[in-house]
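Here is what each chain is made of, one letter per residue.
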Amino acid sequence: RKGSLSAKTDQGKTIVQRSSDLNMNLESVKGFIRLQDLSSHQISLRNLDGRTVINNSSIGLLSAESTSGSIIVTKQNGQTEIQTLTGDIIMTDLTGNIKLDNREGVIIATQNYPLDGTIYAGTGLVRWQQKDDSMMKFTVKTTSQDTINEFQNSESLSESKHIEIKSDSGPVKIFRAR
């Protein structure tokens, strides 16, 4: 299906699968949003206290927002922007660019592919696991003494991808997946 889709719900499920060229604006107060096997130029999601799951998609600009819910993104290609206050962000095998803003929640990333982006984490944990042979550079700025960056002493090649992480006081842990 081509075109656009807008939906607002207080609670319940919103599921969209196997669609191309469908731009979306989905909002839910306390519900479940699932997007799978999509190709789109732009998708905007706002799920205040629910769960949002995005799988196997190529979305030019994916924008997701939550107050206290969880946002799970797997195998998404494109610009991914996620903002939460106390919710969790879980991401696996994204390609493209990311911009994450999580004030008090947890960010967990498992990546086989290098990507560029910025992460702001107020007081919550950032746990990033990156494939060992990825050409990645991580810059971490935090006041937390609980910081691990296994990519810290890697050669910084000019063609490497770069993730910048800023945290007020939350722990930041970056591991090499072996």
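Since this is a predicted model, take the numbers as computed values, not measurements. (Residues numbered from 1 in each chain as written. Predicted model: local features only at pLDDT ≥ 70, side-chain atom pairs only at ≥ 80, totals over all residues. Heavy atoms only, no water.)

Colleague: Looking at this structure, how should I read the overall build of the protein?
Modeller: Across its full length, the protein holds zero helices and 13 strands. Taken over the C-alpha trace, the protein has a radius of gyration of 16 Å; the compact-globule value for 178 residues is 16 Å, and the two agree within 12%. Oriented by its inertia axes, the alpha-carbon framework of the protein measures out at about 50 × 30 × 25 Å. Buried positions account for 42% of the 178 residues belonging to the protein. Taking the 21 positively charged and 20 negatively charged side chains of the protein as two groups, their mean positions are separated by 4 Å. (Helix = DSSP H or I, 4+ residues; strand = E, 2+ residues; numbered from the N terminus. Rg over C-alpha atoms; globule rule 2.2 N^0.38 Å. Buried < 20%, exposed > 50% of the residue type's maximum accessible area, 1.4 Å probe, protein only. Lys, Arg positive; Asp, Glu negative; His and termini not counted. Charge placed at Lys NZ, Arg CZ, Asp CG, Glu CD.)

Colleague: What exactly am I supposed to notice about the pattern of salt bridges here?
Modeller: Pairing between side chains of opposite charge can happen when their charged atoms approach one another. A complete count under the given rule lists eight salt bridges for this structure. For Arg103, the salt bridge is made with Asp101, and the minimal N-O distance between the two is 3.0 Å. Of the residues examined, Arg103 reaches a relative accessible area of 36% and is grouped as partly exposed. Notably, a salt bridge pairs Glu150 with Arg178, separated by 3.3 Å at the nearest N-O pair. Taken together, the residues Glu150 in the loop between β11 (147-149) and β12 (161-167) and Arg178 in the segment after β13 (172-177) connect sequence positions 28 residues apart. A relative accessible area of 75% means that Arg178 is categorised as exposed. A single salt-bridge network, built from bridges that share partners, covers Lys141, Glu164 and Lys166. (Salt bridge = Lys/Arg side-chain N within 4 Å of Asp/Glu carboxyl O.)

Colleague: How should the nonpolar core be read in this particular structure?
Modeller: A general tendency of soluble globular proteins is for nonpolar side chains to be buried together. In terms of nonpolar packing, the biggest core is built from 35 residues, with Leu35, Leu45, Ile98, Ile119, Trp128 and Ile163 touching the most fellow members. At eight residues, strand β2 (residues 22-47) tops the list of elements feeding residues into this core. Among all residues touching Ile163, those that are not within four sequence positions of it are Ile98, Leu115, Asp116, Gly117, Ile119, Trp128, Met136, Lys137, Phe138 and Thr139. (Core = buried A, V, L, I, M, F, W, Y, C linked by side-chain atoms within 4.5 Å. Contact = heavy atoms within 4.5 Å.)

Colleague: What am I meant to see in the pairing of β13 here?
Modeller: Most of β13 sits out of view: five of its six residues are buried. One ladder, built from six bridges, connects strand β9 (residues 126-131) with β13; its direction is parallel. Within β13, the position partnered with Val126 by the bridge is Val172. Pairing between β11 and β13: three bridges, direction parallel. (Pairing = 2+ DSSP bridges.)

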